[in-house]
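# An overview of the molecular structure
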Amino acid sequence: MQDVIWESWRGHTISIRAVPVRRPVTRRSATEQYVALVRIDAHGDAHADWHSPPSRRRWSTASEAQWEALRYAVQLIDCGVAREPVGTSDCGRGDGET
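Cut-offs applied
Residues numbered from 1 in each chain as written. Predicted model: local features only at pLDDT ≥ 70, side-chain atom pairs only at ≥ 80, totals over all residues. Heavy atoms only, no water. Helix = DSSP H or I, 4+ residues; strand = E, 2+ residues; numbered from the N terminus. Expected span 1.5 Å × (residues − 1). Buried < 20%, exposed > 50% of the residue type's maximum accessible area, 1.4 Å probe, protein only. Arc of directions from axis to C-beta. Contact = heavy atoms within 4.5 Å. Salt bridge = Lys/Arg side-chain N within 4 Å of Asp/Glu carboxyl O. Pairing = 2+ DSSP bridges. Axes fitted to C-alpha atoms, helices over the stretch in contact; angles between N-to-C directions.

### Concerning helix H1 (residues 62-79)
An α-helical turn contains 3.6 residues, so any two residues separated by three or four positions project in the same direction. If you check H1, its first and last C-alpha atoms are 26 Å apart, about what 18 residues at 1.5 Å a residue would give, namely 26 Å. All of the buried residues in H1 are Ala62, Ala65, Gln66, Ala69, Leu70, Ala73, Val74, Leu76 and Ile77. Around the axis of H1, the buried residues are gathered within 165 degrees of arc, so they sit on the same side. Exposed residues on H1 whose side chains face more than 90 degrees from its buried face are Trp67 and Cys79. The secondary structure elements touched by the buried residues of H1 are strand E1 (4-9), strand E2 (12-21), strand E3 (33-42) and strand E4 (45-51).

In structure tokens:
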């Protein structure tokens, strides 16, 4: 499996890396799970850059984490969330303006 997968969707480039993590519950906890690091670029600008938060579900395989992250990235692009470069959108400012 590749370290990073690259996909294109509607003029955006999606890069996804699955990273193994361990949750040290006990000394013998050795089962790795995966979180996905995702970046969505368009026209040379980063439009989204995130990872699954620790409270979110972790996947048992790297390919499962990548597939779910790709599915979510496509949804973001389709609904227009990833339309503007990171840091240029007023979305989520919390001041009542949009």
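Read on, since the account is not over.
### Let's talk about the pattern of salt bridges
A complete count under the given rule lists 4 salt bridges for this structure. Residue Asp78 is joined to Arg10 by a salt bridge in which the shortest nitrogen-to-oxygen separation is 3.4 Å. A residue pair is termed long-range when its members are at least 10 positions apart, and Asp78 in helix H1 and Arg10 in the loop between E1 and E2 qualify at 68 residues. Residue class for Asp78 comes out partly exposed when judged on its relative accessible area of 40%. Salt bridges sharing common partners tie together Arg39, Asp41 and Asp49.

### Section: the sheet that holds E4
Reading across from one edge, E1-E2-E3-E4 is the order of the 4 strands in this open sheet, with antiparallel pairing throughout. At either end of the open sheet lies a strand with only one pairing partner, and these are E1 and E4. The mean inter-strand angle of the sheet, taken between neighbouring strand axes irrespective of direction, is 20 degrees. Across the face of the sheet, H1 comes into contact with E1, E2, E3 and E4 while running at roughly 145 degrees to E2.

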